[in-house]
Amino acid sequence: MSLGILKDIAWLGAGFVLGAGGSLFLRETFYKDELDSQGLKEELTETQVRLDAKSREIKTLQDTVRSAASPTDLTAALAGIVSIVTRHMEVDLVAFLLLDEASQELVTRPGAYGLEKEEQIYKISLMDENASSVRVFKTGKPFVAGDAQADPGVITHYAKLWDIRSLIVVPVSKQGHSWGVMRVGSRKPYAFTQEHVDLMGAIAEDAAIIIEMSVLNQQLLSDREQLRALSRMKDEFVSTVSHEFKTPLTTLAGFLGLMLEGEIGPVSEDQRRFMVMAKNAVERLSNMVSDLLDISRLESDMKMELKRFSLTPSLSSIIEAHNLEATAAKKEIHLDSPKNLPEALADPKWISVVAENLISNALKFTKPGGRISVSVFNKGDCIETIIEDDGIGLPQEALSHIFEKFYRASNARELNISGTGLGLAISKKIIDLHGGRLWLESSLGKGTKAHFVIYSVNRYGGPGQNRTETMQEA
Ligand SMILES: Nc1ncnc2c1ncn2[C@@H]1O[C@H](COP(=O)(O)OP(=O)(O)OP(=O)(O)O)[C@@H](O)[C@H]1O
Ligand SMILES: [Mg+2]
């Protein structure tokens, strides 16, 4: 075979890796410059066929490498590439050596082929410029030796130890960032051609992509873990602080109560006024602390204890508790519940928290003289409760934020109506944990309708209805 042809085989090899377009161009150039005899033409056609087959092989090999690689397990991915290379090519050594940032060494990755046990942990310091791997890592240029045991560019001791004659070392790098090198060896001298170097280069490039993805993946996982830990710490902090607040607040409320009742001694009108203000403040603080405790418990995904219970008496006792305050503010509050209401199947304690939050909101955001109605509907599998008021309502833009923790609508803030913005977030979480629905309809200045739907006992063994639809329609 002529030297010209040999040179072009190498070019064509590279061209085929680039794709069909590249190879066509090279073929045309070749024809223009070199083809003048029939013999050469035939020789070239033969080479062409061989390279076409090689190109397909390269493509298959690369595709296999890509599909075998999973960035979530780098060790398995690199070992997978090693085994694919050894299966498809006649080689006696395949190893990835990646940089260990801490020790500044190139370290052999597990899964290398053709190395004995102790050699599997072979490392080279980046200071060792005699090592071909270090030079390839630093320069980013591939290295090829036809006889590594006699090549001054190779540490011959290792070439002999591994019984290697031919050696290719290619950089594992992407966009200027070097991760390490890939070493491929053969016991036969001069076993590798430029095609092999190009193929190994392409595979090492794929390996670099996989390594980068794996590093990013690891980073993401550790960031997520850190965020989770921070969030857990925050929850624990909130829960501990809230608990610590509870005892002194109860003591304060107790003593203020005793003083107001005159148990400690006579109290002047002025003293009484200030004590009442102090007691109200303590009460607000206690409510806030309970809300914080509730939300931290609910966010740790606590289980709801489902029981059969009658919703109507629960609602009327909540209304009853608010009656005094409602009458004082000249607000009316009514309950309308059907006689044949089935029992609810829910956690009664937490459903009372929801009803309390929604009823106290309706009272709080309604002006004196306002009306509040609590209506209950039997929806077969479900029970729907609507708490409607003719109060200040909500600005349209507030509706999409209303269930966020600590969110308070602009009109409530402008009117200086007190609150922490936790009641609705807590209620939504509770209803979600029941698999139910909670939503608000509101019109600014006109009023608000809060709906919540929970399952009734009919859900199990009740009249045959489409359960999901019932919950959606309700
Ligand atoms: N019935 C209602 N009418 C008008 N605005 C409402 C009504 N219910 C809730 N809102 C608005 O939604 C906000 C959030 O309500 P949420 O119950 O979560 O908090 P809050 O009542 O301000 O404080 P908390 O309930 O924690 O004491 C309120 O601040 C208010 O702006
Ligand atoms: Mg509230």
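What you are looking at is a predicted structure, and each value in this text was computed from that prediction instead of being measured.

Definitions and limits used
Residues numbered from 1 in each chain as written. Chains lettered and ligands numbered in written order. Predicted model: local features only at pLDDT ≥ 70, side-chain atom pairs only at ≥ 80, totals over all residues. Heavy atoms only, no water. Near = heavy atom within 4 Å. Polar contact = N/O pair within 3.5 Å; in protein donor to acceptor, adjacent residues only side chain to side chain. Areas by Shrake-Rupley, 256 points an atom, 1.4 Å probe, with all protein chains shown as cover. 1 Å grid on protein atoms, 1.4 Å probe; cavity = no way out; pocket = protein on both sides within 12 Å on 5 of 7 lines; lining within 4 Å. Sits in = over half its atoms within 2 Å of the grid points. Nonpolar A, V, L, I, M, F, W, Y, C, P; charged D, E, K, R; others polar. Salt bridge = Lys/Arg side-chain N within 4 Å of Asp/Glu carboxyl O. Helix = DSSP H or I, 4+ residues; strand = E, 2+ residues; numbered from the N terminus. Buried < 20%, exposed > 50% of the residue type's maximum accessible area, 1.4 Å probe, protein only. Pairing = 2+ DSSP bridges. Axes fitted to C-alpha atoms, helices over the stretch in contact; angles between N-to-C directions. Points joined across faces, edges and corners; volume = space filled by probe spheres on them. Domains from an automatic or database assignment. Core = buried A, V, L, I, M, F, W, Y, C linked by side-chain atoms within 4.5 Å. Contact = heavy atoms within 4.5 Å.

## Some points on the site of ligand 1
Next, step 1: As a structural note, the neighbourhood of ligand 1 is formed by 20 residues, with Asn-361, Lys-364, Ala-409, Leu-422 and Leu-424 the closest of them.
Next, step 2: Here an oxygen atom of ligand 1 sits 2.9 Å away from a polar atom, N or O, in the main chain of Ala-409.
Next, step 3: Within the side chain of Thr-448, an N or O atom sits 3.2 Å from a nitrogen atom of ligand 1.
Next, step 4: Within the complex, 93% of the 590 Å² of free accessible area of ligand 1 lies under protein.
Next, step 5: Structurally, ligand 1 is housed in the largest pocket.
Next, step 6: Of the residues in the shell around ligand 1, the class split is nine nonpolar, seven polar and four charged.

## Brief notes about the pattern of salt bridges
Next, step 1: In the structure shown here, the tally under the stated rule is 16 salt bridges.
Next, step 2: Measuring nitrogen to oxygen at the nearest pair gives 3.3 Å for the salt bridge that ties Asp-294 to Arg-297. In this pair, Asp-294 and Arg-297 are both assigned in helix H8 (residues 269-299), three residues apart and thus about one turn of the helix distant.
Next, step 3: For Asp-294, a relative accessible area of 12% corresponds to the buried category.
Next, step 4: Taking relative accessible area as the criterion, Arg-297 reaches 37% and is therefore assigned partly exposed.

## Focus: the sheet that holds strand S12 (residues 437-443)
Next, step 1: Read from one edge to the other, the open sheet built from five strands follows the order S8-S10-S11-S13-S12, with strand pairing classed as mixed. The open sheet has two free edges, formed respectively by strand S8 (332-336) and S12, since each of these has just one partner strand. Neighbouring strand axes in the sheet, compared pairwise and without regard to direction, differ in orientation by 15° on average.
Next, step 2: Looking at chain direction, strand S10 (residues 371-379) and strand S11 (residues 382-389) are connected through eight bridges and run antiparallel. When the bridges of S11 are listed, Lys-379 appears paired with Cys-382.

## Notes on the layout of surface pockets
The method is simple in principle: a probe with the dimensions of a water molecule rolls over the atoms, and the space it marks as empty is what remains.
Next, step 1: Space inside the largest pocket adds up to approximately 1,300 Å³.
Next, step 2: For the largest pocket, the lining is made up of 41 residues, of which Ser-360, Asn-361, Lys-364, Ser-418 and Gly-419 are closest to its centre.
Next, step 3: Of all the secondary-structure elements, those providing two or more residues to the lining of the largest pocket are H8, helix H9 (311-328), helix H10 (348-364), S11, helix H11 (410-414), helix H12 (423-433) and strand S13 (447-455).
Next, step 4: Top element by residues in the lining of the largest pocket is H10. It accounts for eight residues.
Next, step 5: The residue inventory of the lining of the largest pocket, partitioned by class, reads 17 nonpolar, 15 polar and nine charged.
Next, step 6: Mapping the lining of the largest pocket onto the domain boundaries places at least three of its residues in each of domain 2 (225-299) and domain 3 (307-473).

## Remarks on the side chain of Ser-133
Next, step 1: Within the secondary structure layout, Ser-133 lies in helix H5 (residues 132-139).
Next, step 2: For Ser-133, a relative accessible area of 0% gives the class buried.

## Notes on the nonpolar core
Next, step 1: Ranked by internal contacts, the top residues of the largest apolar core, which has 41 residues, are Leu-311, Ile-351, Leu-358, Ile-359, Ile-387 and Phe-452.
Next, step 2: Looking at this core element by element, the count peaks at eight residues for H10.
Next, step 3: The contact partners of Ile-359, leaving out residues within four places of it in the chain, are Ile-318, Ile-319, His-322, Ile-333, Val-374 and Ile-387.
Next, step 4: Counting residues in hydrophobic clusters, the runner-up holds 27 residues, among them Leu-78, Ile-168, Met-182 and Met-200.

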